[in-house]
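# A closer look at the structure
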Amino acid sequence: MLEAFSNTGLTKTKYYRPGINKNLISRQDLHQKLNNSLNCKYTLITAPAGYGKTSAVLGWLETGGWPAAWLSLDSHDNDPVVFWRYVCTALGEIVKDISKDVDYVFSSQELLKAHIHINIMIDRLSEAPSDFLFVLDDLHLVVEPFIIEGLSYLIDYLPAQMHLIMISRAEPGLEIAKHKVKWQILQIEEEDLRFQNEDIFHFYQARGFTLEREDVKKIENYSEGWAAVLVAIAMSMEKEAAGHNTYKVLSHASRDIRQYLKDEVISTWPEEKRTFAMKTCILGTLSESLCDAVTGDNNGRRMLEEINKGNGFLIALDEQRQEYRYHQLFKSFLYELLMETAPLEVASLHTRAAIWFREHGFIENAIEHFLAGGSNRKALELIEYHVDDIIDRNEFGTLLSWIDNLPEEYRSKSFKIACIYAMYYAETDRYDLSRMWIERMKALIADYEYASSPELNSYRRVAYSLTEAYLAAREGKSDCLSLVMAAAEMNDNGYFKMPEFYDFNPADIYYYRCPFGRALRVYGENLVQYGNMADHYRSMISKNPGYKQLGPGEYFYETNRLEKALPCLLEALEEAQAASCPGALVPAMVDIARINRVRGDMKSALAVVDECEIRLQSMGKPHWNYLLQAFRCRLNIDAGVDDKVEDWLASCKLNTFTEISRSREFELIVYARVLMSRGRLNDANLLLQRLLAFTGDTARLHSKVEILNLLASLAYKNNNMPGAADYLEISLEIGMKEGYVRSYMDEGTQMAHLLRYYTTHRRKSAHEPAEALTGYAKSLLRQMQESLPVGLKIYNEASIAAIENLTEQEKKVLELLMKAHTNKEICEKIGIGIRTVKTHTGNIYSKLGVKNRAQCVKLVRETQLPN
């Protein structure tokens with residue numbers, strides 16, 4: 001029996017393909033329609049309960065022999081983490097270890113929100129050697145919007161080998177309109193599933209009934225081709241002495257299937273069988289041991305075998321192990337009957353089931369049944385005792401649904417529940433609610449100060465400080481560091497046990513952008529304080545993950561002290577590798593690659609990225625590769641390697657309207673750079689404006705500066721110099737306060753032209769003294785000029801001189817060329833002939849040493865001719 005459940009909280013039989021009813025009739029017409037699903041991305045099968053949707057697909061799969069994964073869904077799968085864990089586990093039938101590759105994503109709300117788990121699944125499933133099918137049964141029971149959104153995303157990027165089949169009572173709210181246009185969707189509906197005259201004849205023939213033509217017609221008219229009614233009629237016919245009196249069977253029937261089951265089927269069962277069915281209908285999976293525990297009898301094996309014989313309402317999940325489940329329609333009917341006849345017994349049945357699950361180590365199932373049976377105290381005890389394991393799996397949806405089902409008196413007095421809410425709301429950026437529950441934690445510490453042991457009180461105080469530190473980090477507040485120090489000092493006796501280390505950086509390619517990146521400003525202001533903070537944190541762990549040296553390394557890089565940065569980054573790299581901490585490893589190696597890029601060695605920069613990918617393989621967190629691929633694309637943009645840029649563009653699963661999240665922000669910024677390099681300026685502007693709004697909401701200052709700089713560059717490309725200056729000024733206000741240097745220098749010569757324009761044509765700032773901003777801009781410009789090759793400086797000076805030597809008329813023509821006017825428009829504006837315009841244009845190209853308008857415009861922008 002234990003094979004049916006897993007200590008990970010997953011019920012194994014949900015991702016096993018159900019057994020085939022031995023009386024199932026092959027339906028060739030329907031199978032022919034289903035064959036078309038192999039030519040589509042997605043097949044949707046919709047019909048009310050009892051129309052044989054599941055049986056039809058099972059029969060088709062049996063005849064086809066294609067590789068297939070199966071997942072039977074229920075209402076408990078509305079937790080996104082639970083749902084996608086089941087999906088990955090089921091797909092392990094197709095690609096081995098896919099769950100192992102994805103599982104870590106479920107510990108992070110941020111990664112989950114960005115659909116990182118789906119991206120990894122898609123990449124792994126693309127390795128499948130042949131076409132395969134994935135069936136989601138009873139999809140109507142899953143209504144969580146985030147899950148439906150994720151399924152839409154999966155369909156958008158479905159691997160070519162994968163064909164998705166969804167079985168549902170109603171059409172799900174998937175965003176699939178574009179696929180319908182491309183003929184990539186197959187829909188099978190109620191009319192397609194109805195049993196026709198010949199199907200009905202064979203259906204009863206397989207059960208030992210040979211019907212006359214008129215009897216078949218009566219059943220067809222009565223049942224309207226509904227499979228559930230056909231089964232119910234067959235069950236009634238088995239009770240008739242002759243077994244062939246169709247008229248008598250139908251004459252006693254009601255048009256309502258539930259009433260029919262009650263009057264003509266269940267009422268004819270022996271008391272023992274009827275009682276067993278009603279008592280066990282509270283269970284999802286049926287087995288001898290579990291059924292015996294719930295009923296209090298020892299007849300589980302015999303009853304399951306008896307009900308299964310000739311009954312289309314019991315589905316064999318694993319007939320060898322005798323594991324079954326009731327058909328959903330029959331299960332709901334039995335439960336209604338139970339509530340009608342023995343409502344007071346329901347609570348005790350759930351409690352018995354809960355005790356069995358608890359004794360066998362299936363805690364989630366036990367909690368569900370304790371809650372359903374009203375045993376709230378026992379449910380709370382299990383929740384509190386096992387909450388750390390559940391949080392590690394990030395199953396907040398399930399956890400909060402349990403807590404919400406507890407009476408208020410239980411919720412309000414639990415320190416762990418307060419901690420759960422505080423962490424959850426911090427993780428989902430609802431900071432006010434998180435703060436409210438942190439205050440509740442503080443109040444409960446005071447309430448229990450004298451009633452609890454010193455160990456428990458110390459644990460609570462440390463947990464309170466770390467939760468408060470986590471919230472402060474999510475909010476981008478620097479006091480998170482002092483809170484970590486306070487927690488470490490309170491933990492002198494070691495009552496609070498931390499994991500080996502906490503990975504502060506789940507998905508940011510620069511440490512400046514991760515939740516604890518604010519520590520870098522503290523480093524710049526006070527080296528001793530930063531060291532104390534790092535040492536206090538290390539006192540709670542056994543191995544350094546590399547962050548202590550990564551912080552100074554990235555700080556020195558950003559402040560353009562590359563020689564001091566490199567030793568720190570190399571030390572961080574080795575510590576991160578030893579600790580298997582990608583959150584420190586990736587930023588350290590990316591910073592080393594950036595140093596190589598600054599030194600003009602692009603080949604070495606790309607080699608560092610390649611080496612980082614190799615080192616990541618042993619760490620089991622493939623989403624970092626997406627960030628590295630984006631960073632490689634950034635290098636290729638700078639190097640002008642267009643084919644590599646195009647390869648990334650085709651594979652990145654991004655578009656202008658991709659939902660923005662912390663973990664995909666860098667990729668989207670690179671995507672905007674690609675759009676700009678391809679001349680798709682309107683699309684780039686739209687995406688950058690969306691990114692700017694996101695950084696404004698989340699106080700991501702380092703990202704905000706990069707986005708503002710790109711918007712300034714975009715305005716520059718559009719000859720909107722006042723707009724470029726406005727964006728640059730906002731960027732400089734942040735950069736000066738935070739001490740950024742490389743954020744500007746890494747943008748190259750175009751940023752130098754923008755800074756030159758700003759220092760020459762600046763307007764008074766509303767937020768900072770104009771002189772201070774100008775001085776900061778001049779300092780950046782000076783450092784950039786010092787780092788430029790001599791030849792480039794000469795080239796700029798010569799170009800400026802060449803422009804100055806143009807005649808007044810040529811300058812007027814040049815100004816209109818810069819604004820993208822046609823030759824005809826230039827004629828009209830200046831009042832000269834087309835031949836004269838061409839002469840002036842030729843003279844301009846000759847003096848500037850260019851061959852065409854595009855080269856001319858580029859050169860003038862680089863020399864920053866004031867408009």
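See above for the structure.
Residues numbered from 1 in each chain as written. Predicted model: local features only at pLDDT ≥ 70, side-chain atom pairs only at ≥ 80, totals over all residues. Heavy atoms only, no water.

### Re the overall build of the protein chain
A count of helices and strands for the protein chain gives 47 helices and seven strands. Each of the 867 residues in the protein chain was classed as buried or not, and the buried ones make up 56%. Summarising the internal contacts of the protein chain: among those between residues at least 6 apart in sequence, 69% fall at separations of at least 24. (Helix = DSSP H or I, 4+ residues; strand = E, 2+ residues; numbered from the N terminus. Buried < 20%, exposed > 50% of the residue type's maximum accessible area, 1.4 Å probe, protein only. Contact = heavy atoms within 4.5 Å.)

### Some points on the pattern of salt bridges
Proximity of charged atoms lets side chains of opposite charge pair with each other. The tally for this structure, following the rule as stated, stands at 37 salt bridges. For the salt bridge of Glu706 with Arg513, the shortest nitrogen-to-oxygen distance reads 2.6 Å. Taken together, the residues span a long stretch of sequence, with Glu706 in helix 38 (residues 701-717) and Arg513 in the loop between helix 27 (480-490) and helix 28 (519-525) at a distance of 193 residues. Arg513 shares its class with Glu706; the two are buried. A salt bridge links Arg632 to Asp610, with the shortest nitrogen-to-oxygen separation between them at 2.8 Å. Here Arg632, found in helix 34 (residues 623-639), pairs with Asp610, found in helix 33 (residues 602-616); they are 22 residues apart in sequence, far enough to count as distant. You can call Asp610 partly exposed: its relative accessible area is 38%. (Salt bridge = Lys/Arg side-chain N within 4 Å of Asp/Glu carboxyl O.)

### Some thoughts on unusual backbone geometry
Phi is positive for His115, which is not a glycine, with a value near 60°. The topology assignment puts His115 in the loop between helix 5 (109-113) and helix 6 (116-125). With a relative accessible area of 6%, His115 lands in the buried category. Residues other than glycine seldom take positive phi values, yet Asn560 does so here, at roughly 65°. Within the secondary structure layout, Asn560 lies in the loop between helix 30 (547-558) and helix 31 (562-579).

### Remarks on the sheet that holds strand 2 (residues 68-72)
Reading across from one edge, 2-3-4-1-5 is the order of the five strands in this open sheet, with parallel pairing throughout. The open sheet is flanked by strand 2 and strand 5 (185-188), the only strands paired with a single partner. Geometrically, the sheet is characterised by an average inter-axis angle of 15° between neighbouring strands, direction not taken into account. The pairing of strand 3 (residues 132-137) with strand 4 (residues 162-168) spans five bridges and is parallel. The partner of Phe134 across the bridge, within strand 4, is Leu164. The strands touched by helix 7 (residues 145-156) are strand 1 (42-46), strand 3 and strand 4; relative to strand 4, the strand with the most contacts, the crossing angle is about 150°. (Pairing = 2+ DSSP bridges. Axes fitted to C-alpha atoms, helices over the stretch in contact; angles between N-to-C directions.)

### Some points on the packing of helix 33 against helix 34
Helices that pack against each other are described as a pair by the angle of their axes relative to one another and the distance between those axes. Packing of helix 33 against helix 34 leaves a shortest axis separation of 10 Å and a crossing angle of 170°. With respect to their mutual orientation, helix 33 and helix 34 come out roughly antiparallel. Across the interface between the two elements, Met602, Ala605, Leu606, Val609, Asp610, Cys612, Glu613 and Leu616 of helix 33 pack against Trp624, Asn625, Leu628, Gln629, Phe631, Arg632, Leu635, Asn636, Asp638 and Ala639 of helix 34. Residues that form the contact of helix 33 with helix 34 fall into these classes: eleven nonpolar, three polar and four charged. (Parallel < 35°, antiparallel > 145°, perpendicular 65-115°, else oblique. Nonpolar A, V, L, I, M, F, W, Y, C, P; charged D, E, K, R; others polar.)

### Focus on helix 33
Counted at 1.5 Å a residue, the expected span for helix 33 with its 15 residues is 21 Å, and the 21 Å between its end C-alpha atoms agrees. Three or more residues of helix 33 are buried, namely Met602, Ala605, Val608, Val609, Cys612, Glu613 and Leu616. Taken down its axis, helix 33 places every buried residue within 140° of arc, on the same side. On its buried side, helix 33 packs onto helix 32 (582-598) and helix 34. (Expected span 1.5 Å × (residues − 1). Arc of directions from axis to C-beta.)

### Some thoughts on the packing of aromatic side chains
Each aromatic ring pair is characterised by the separation of its centres together with the angle its planes make. Inspection of the entire model under this criterion finds 19 aromatic pairs. Judged by centre distance (6.0 Å) and plane angle (10°), the ring pair of Tyr421 and Tyr425 falls under stacked. A residue pair is termed a helical-turn pair when its members lie 3 or 4 positions apart in one helix, as Tyr421 and Tyr425 do in helix 24 (residues 415-427) at four residues. Neither Tyr421 nor Tyr425 differs from the other in exposure class; each is buried. A cation over a ring is seen here: Lys14 above Tyr86, with NZ or CZ 4.7 Å from the ring centre. The ring of Phe415 has Arg460 lying over it, and the distance from NZ or CZ to the ring centre is 5.9 Å. (Phe/Tyr/Trp six-rings, centres within 6.5 Å; stacked < 30°, edge-to-face > 60°. Lys NZ or Arg CZ within 6 Å of the ring centre and 35° of its normal.)

### Looking at the nonpolar core
Formed by 98 residues in total, the largest nonpolar core has its most connected members in Phe631, Trp648, Leu688, Leu728, Leu732, Tyr744 and Leu755. Within the second largest apolar cluster, 75 residues are counted, among which are Cys291, Leu400, Ile438 and Leu444. (Core = buried A, V, L, I, M, F, W, Y, C linked by side-chain atoms within 4.5 Å.)

### Focus on helix 32
Counted at 1.5 Å a residue, the expected span for helix 32 with its 17 residues is 24 Å, and the 24 Å between its end C-alpha atoms agrees. Helix 32 sits mainly inside the fold: 16 of its 17 residues count as buried.

### Examining the pairing of strand 1
The element strand 1 is extensively covered by neighbouring structure, given that five of its five residues are classed as buried. Relative to strand 4, strand 1 is paired through five bridges, and the arrangement is parallel. From the neighbouring strand, Thr46 faces strand 4, where its bridge partner is Ser168. Two strands pair when backbone bridges link them, and strand 1 and strand 5 are joined in this way by four bridges, in the parallel orientation. Its bridge partner lying in strand 5, Tyr42 is registered against Ile185.

### Side note on the side chain of Thr759
Considering the arrangement of structural elements, one finds Thr759 in helix 41 (residues 749-761). When its relative accessible area of 17% is taken as the criterion, Thr759 is described as buried. Of note is the side chain of Thr759, whose polar atom sits 3.0 Å from the backbone oxygen of Arg756. Setting aside chain neighbours within four positions, we find Thr759 in contact with Thr774, Ala777, Lys778 and Leu781. (Polar contact = N/O pair within 3.5 Å; in protein donor to acceptor, adjacent residues only side chain to side chain.)

### Structural notes on the pairing of strand 7 (residues 323-326)
Judged by which residues are buried, strand 7 turns out to be covered on both faces: Glu323 and Arg325 on one side and Tyr324 and Tyr326 on the other are all buried. As defined by bridge partners, strand 6 (residues 314-318) adjoins strand 7 across four bridges and the pair is classed as antiparallel. Residue pairing across strands places Leu314 opposite Tyr326, the latter belonging to strand 7.

### Overview of the environment of Val462
Positionally, Val462 belongs in helix 26 (residues 454-475). Overall, Val462 belongs to the buried group, its relative accessible area being 0%. Placed 21 residues apart in sequence, Val462 and Leu483 show a C-alpha to C-alpha distance of 9.6 Å.

### Details of the packing of helix 41 against helix 42 (residues 770-787)
One way to put it is that helix 41 packs onto helix 42 with a least axis distance of 9 Å and a crossing angle of 145°. Helix-helix and strand crossings are classified by hand; for helix 41 and helix 42 the assignment is left-handed. Residue-level contacts link Met751, Ala752, Leu755, Arg756, Tyr758 and Thr759 of helix 41 to Leu773, Thr774, Ala777, Lys778, Leu780, Leu781, Met784 and Gln785 of helix 42. The residue makeup of the contact of helix 41 with helix 42, split by class, is nine nonpolar, three polar and two charged. (Left-handed = near helix turned anticlockwise from the far one by under 90°.)

### Some remarks on the side chain of Thr295
In this structure, Thr295 sits in helix 16 (residues 288-295). Polar contacts involving the side chain of Thr295 include one to the main-chain amide nitrogen of Asp297, which spans 3.2 Å. Not counting chain neighbours up to four residues away, the residues in contact with Thr295 comprise Phe276, Lys279, Thr280 and Arg352.

### Quick notes on the environment of Val608
Along the chain, Val608 turns up in helix 33. Given the relative accessible area of 14%, Val608 is considered buried. Expressed as a C-alpha distance, the spacing of Val608 and Arg594, which sit 14 residues apart in the sequence, is 9.5 Å. Setting aside its immediate chain neighbours within four residues, Val608 contacts Met589, Ile592, Ala593 and Asn596.

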